[in-house]
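Per-entry structural report
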Amino acid sequence: MDLLLRNALLLGSNTPSDIAITGDRITSLTPTKGKGAAATKVIDLEGRLVTGPLVEPHLHMDAVLTVGQPRNNVSGTLFEGIAVWGERVKTLTVDDVIERGREVMAWQLACGVQHVRSHVDVCDPELTALEGLKVLRDEMRGLVDLQLVAFPQQGIYGFKNGPELMRTAVERGVDVVGGIPHFELTRDEGVESVKFIFDLAEEAGLPIDIHCDETDDDHSRFVEVMVSETIRRGMSGRVTASHTTAMHSYNNAYANRLITNIKRAGLHMITNPLDSSVLQGRFDSGPIRRGHTRFKEMWAAGVNVSIGHDSIMDPWYPLGYGDPLQAAFVLVHYGQMSGAKEMPYLFEMITTNPAKALGVDSRGIRKGGPADIVVFDAPTPEDALRRVTPRFLVLRDGKIVARTKPSETTVTINGKTRPVTFLRP
Ligand code: FE2
């Protein structure tokens, strides 16, 4: 055995385990007791929480780190964000895309993220962002695996040569076909765009991930079109709907019927709490709607729901550093997930659930499985969330690819200095 991780607290367990690793596989998983088996290297995790790799199912990698360029989003709205980005796209270069993306992918790896799906704006005759992200996709393969989605930020029919640009992006090697039906100029063109996306994906044999109904307009109802196309074409399990914030504002009768049909169609659903919490409800004067998709009702109905980060320091969301745990922390509040069974579920929403949506290994830590392991510097899932703790260790294929040294804080009270850990004594 090459490496033995002792005293690992696996998600859902109350007692520590030893994880034995040989090469790139987990060769045994046993309760921690005694001295443990002999290994070339032994690391005592001292009861820290361990999960499989974090999976980022929704990001705009081409836009990361562009906040303030060429100008700030003063209103803070989604639509001013789209306008600002439309200006920034004109100055993109391949190197600019690579440098920003490369930095963020290092941040993600440090957070334990090993699979990322990024939308790439194809409303650019040169497809510059796609060319840059293809370089990163090759460069990071095997560490952070990147899937690229052809994403028409300004619409397919509302942008000059939109359908041709989508086809060209597929020819140039995207992994997924995307869209934005609620941003098309008319309801009819939105429906048409969904059918175009399904046709293109079917022809190319690619999965689908559509920005759908990202608005507070309760008349925006394109998820039902996705449901219908998925069922009709037998594409269950290969289709994802992202955002779907209008669902918050649907009447209950319609939402209930829609969720039943989402389950029937086998759609994967992705909620983006960081962006949605600041972008939705912007046109309300009070009470201000949360503008969040009904992920809890979908969870209860057995739909696969995941958390996405969406933006990292871009025209839509000026904060973030790529950590899915921070997005989960926000969802505790914004989505009211503070219940005893709700908080541990958030870890499924950033690991195994998005893995299913992306079609990558979703079975987590197990004997015989890949030694892709994330160690949180926390004794429980609740504590990891409470403090949004760093990742103590990250392993990919049995090798340590990221580590964080625990920080030290002291306080001096009445002349006496002592350490503070923020842990309950
Ligand atoms: Fe998005």
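Attention here is on the structure that accompanies the text. Since the model is a prediction, treat every value here as computed from it, not as a measurement. (Residues numbered from 1 in each chain as written. Predicted model: local features only at pLDDT ≥ 70, side-chain atom pairs only at ≥ 80, totals over all residues. Heavy atoms only, no water.)

1. Side note on the overall build of the chain
Defined as follows: Each helix is a run of DSSP H or I of at least 4 residues and each strand a run of E of at least 2, with the numbering of both proceeding from the N terminus. Based on C-alpha atoms, the radius of gyration is set beside the globule rule, defined as 2.2 Å times the residue count to the power 0.38. Relative accessibility under 20% of the residue-type maximum defines a buried residue, over 50% an exposed one, and the middle range a partly exposed one, all with a 1.4 Å probe and only protein chains included. Contacts between residues were defined by any pair of non-hydrogen atoms, one from each residue, lying within 4.5 Å. Working definition of accessibility: Shrake-Rupley area with a 1.4 Å probe, residue cover restricted to the visible protein chains.
The number of helices and strands found in the chain is 13 helices and 17 strands. Relative to the globule expectation of 22 Å for 425 residues, the C-alpha radius of gyration of the chain, 22 Å, shows essentially globular dimensions. For the chain, the spread of C-alpha atoms along the three principal axes comes to 65 × 50 × 45 Å. Every one of the 425 residues in the chain was classed for burial, and the buried ones make up 56%. The contacts of the chain with a sequence gap of at least 6 include a subset with a gap of at least 24, amounting to 75%. Just so you have it, the chain exposes about 17900 Å², and 52% of that area is on carbon and sulfur atoms.

2. Concerning the packing of helix α5 (residues 187-204) against helix α6 (residues 223-233)
Under the convention used in this document: With axes taken as lines fitted to C-alpha atoms, and helix axes fitted only over the stretch in contact, angles between N-to-C directions fall between 0 and 180 degrees. The handedness criterion is simple: a crossing whose near helix is rotated anticlockwise from the far helix by less than a right angle is left-handed, and one whose near helix is rotated clockwise is right-handed.
For the pair α5 and α6, the least separation of the axes is 10 Å and the interaxial angle reads 30°. The chirality of how α5 crosses α6 is right-handed. Between α5 and α6, the contacting residues are Arg187, Val191, Val194, Lys195, Phe198, Asp199 and Glu202 on the first element and Glu224, Val225, Met226, Glu229, Thr230 and Arg233 on the second.

3. Points about the coordination of the iron ion
Rule in force here: Because no water is among the atoms considered, metal sites can look incomplete, with donors defined as N, O and S atoms within 2.8 Å of the metal, or 3.2 Å for Na, K and Ca.
In this structure, His58 (NE2), His60 (NE2), His211 (NE2), His243 (NE2) and Asp310 (OD) serve as the protein donors to the iron ion, at separations of 2.2 to 2.6 Å. In primary-sequence terms, the residues that donate to the iron ion follow H-x1-H-x150-H-x31-H-x66-D. His60 matches His58 in its accessibility class, with the two residues each being buried.

4. Structural notes on empty space enclosed by the protein
Operational definition: In this analysis the probe radius is 1.4 Å and the grid spacing 1 Å, with only protein atoms considered; a cavity is a set of points the probe fits into but cannot get out of, a pocket is an open set with protein on both sides within 12 Å along at least five of seven lines, and lining residues have an atom within 4 Å of a point. Grid points are joined across faces, edges and corners, and a volume is the space filled by probe spheres set on the points. Charged residues are taken to be Asp, Glu, Lys and Arg, nonpolar residues to be Ala, Val, Leu, Ile, Met, Phe, Trp, Tyr, Cys and Pro, and polar residues to be all remaining types, Gly included.
Tallying each qualifying case throughout the model produces two cavities of 30 Å³ or more. Empty space within the largest cavity amounts to approximately 100 Å³. As for the largest cavity, its lining consists of 14 residues, of which His60, Leu78, Gln153, Glu214 and Trp316 are closest to the centre. Among the secondary structure elements, those contributing two or more residues to the lining of the largest cavity are α1 (78-89) and α8 (273-279). Tallied by class, the residues present in the lining of the largest cavity amount to six nonpolar, five polar and three charged. Lining the second largest cavity are His60, Asp62, Ala63, Trp85, Asp121, Phe151, Gln153 and Trp316. Looking at the lining of the second largest cavity residue by residue, the classes come out as four nonpolar, two polar and two charged.

5. Concerning the nonpolar core
Inclusion rule: Residues grouped as a nonpolar core are buried Ala, Val, Leu, Ile, Met, Phe, Trp, Tyr and Cys residues, joined through side-chain atoms within 4.5 Å. Each domain's extent is set by a domain assignment, obtained either automatically or from a database.
Within the largest apolar cluster, 96 residues are counted, with the highest numbers of intra-cluster contacts made by Met61, Met226, Ile262, Leu267, Met269, Leu346 and Met349. Considering every element that reaches this core, the biggest residue donor is α5, with seven residues. A domain split of this core shows at least three residues from each of domain 1 (3-52 + 364-409) and domain 2 (54-358). Among residues more than four places away in sequence, those in contact with Met269 are Ala241, Thr244, Met247, Ile262, Met298, Val303, Asn304, Val305 and Ser306. The next biggest cluster of nonpolar side chains, apart from the first, holds 17 residues, and it includes Ala371, Ile373, Phe392 and Leu393.

6. As for the layout of surface pockets
Its volume calculated, the largest pocket comes out at about 440 Å³. Around the largest pocket sit 20 residues that line it, and Asp377, Arg387, Pro406, Ser407 and Thr421 are the ones nearest its centre. Only β4 (41-51), β16 (409-413) and β17 (416-420) provide two or more residues apiece to the lining of the largest pocket. A per-class count over the lining of the largest pocket returns eight nonpolar, six polar and six charged. Empty space within the second largest pocket amounts to approximately 220 Å³. The wall of the second largest pocket is formed by His248, Arg290, His292, Thr293, Arg294, Phe295, Lys296, Glu297, Tyr334, Gly335 and Gln336. Broken down by element, the residue count for the lining of the second largest pocket peaks at three residues, all from helix α9 (residues 295-300). Its residues placed into classes, the lining of the second largest pocket shows two nonpolar, five polar and four charged.

7. Points about the environment of Leu279
Its location among the elements puts Leu279 in helix α8. Leu279 sits 202 residues away from Thr77 along the chain, and the two C-alpha atoms are 5.5 Å apart. With near-sequence residues (within four places) excluded, Leu279 lies in contact with Gly76, Thr77, Leu78, Glu214 and Trp316.

8. Some details on the environment of Phe198
With respect to the secondary-structure elements, Phe198 resides in helix α5. The buried category is assigned to Phe198, whose relative accessible area is 0%. For the pair Phe198 and Pro425, spaced 227 residues apart in sequence, the C-alpha separation works out to 55 Å.

9. A look at the pattern of salt bridges
Heads up, the rule is: Take a side-chain nitrogen of Lys or Arg and a carboxyl oxygen of Asp or Glu: if they are within 4 Å of each other, that pair is a salt bridge.
Evaluated as defined, the whole model comprises 28 salt bridges. Between Arg6 and Asp18 there is a salt bridge, with the nearest N and O atoms lying 3.0 Å from each other. On the criterion of sequence distance, the pair formed by Arg6 in strand β1 (residues 3-10) and Asp18 in strand β2 (residues 17-22) is long-range, its members being 12 residues apart. Each member of the pair, Arg6 as well as Asp18, is classed as buried. Notably, a salt bridge pairs Arg386 with Asp383, separated by 2.7 Å at the nearest N-O pair. Within this pair, Arg386 and its partner Asp383 are both found in helix α13 (residues 381-387), separated by three residues, close to a single helical turn. Salt bridges sharing partners connect three or more residues here, namely Asp199, Glu202, Glu229, Arg232 and Arg233.

10. Topic: the packing of aromatic side chains
To be explicit about the condition: A pair of aromatic rings is counted whenever rings of Phe, Tyr or Trp (Trp by its six-membered ring) have centres within 6.5 Å, and the orientation is called stacked for planes under 30 degrees apart, edge-to-face for over 60 and tilted otherwise.
Summed over all chains, the structure comprises seven aromatic pairs. With 6.4 Å between their ring centres and 70° between their planes, Tyr157 and Phe196 make a pair best called edge-to-face. Highlighted residues: Tyr157 in the loop between β7 (145-151) and α4 (162-171) and Phe196 in helix α5, separated in sequence by 39 residues. Owing to a relative accessible area of 10%, Phe196 belongs among the buried residues under this scheme. Ring centres 5.6 Å apart and planes at 80° place the aromatic pair Phe347 and Phe376 in the edge-to-face group. Of this pair, Phe347 sits in helix α11 (residues 342-348) while Phe376 sits in strand β13 (residues 373-376), placing them 29 residues apart in sequence. In this structure, Phe347 and Phe376 share a single accessibility class: buried.

Geometry only, nothing functional implied.
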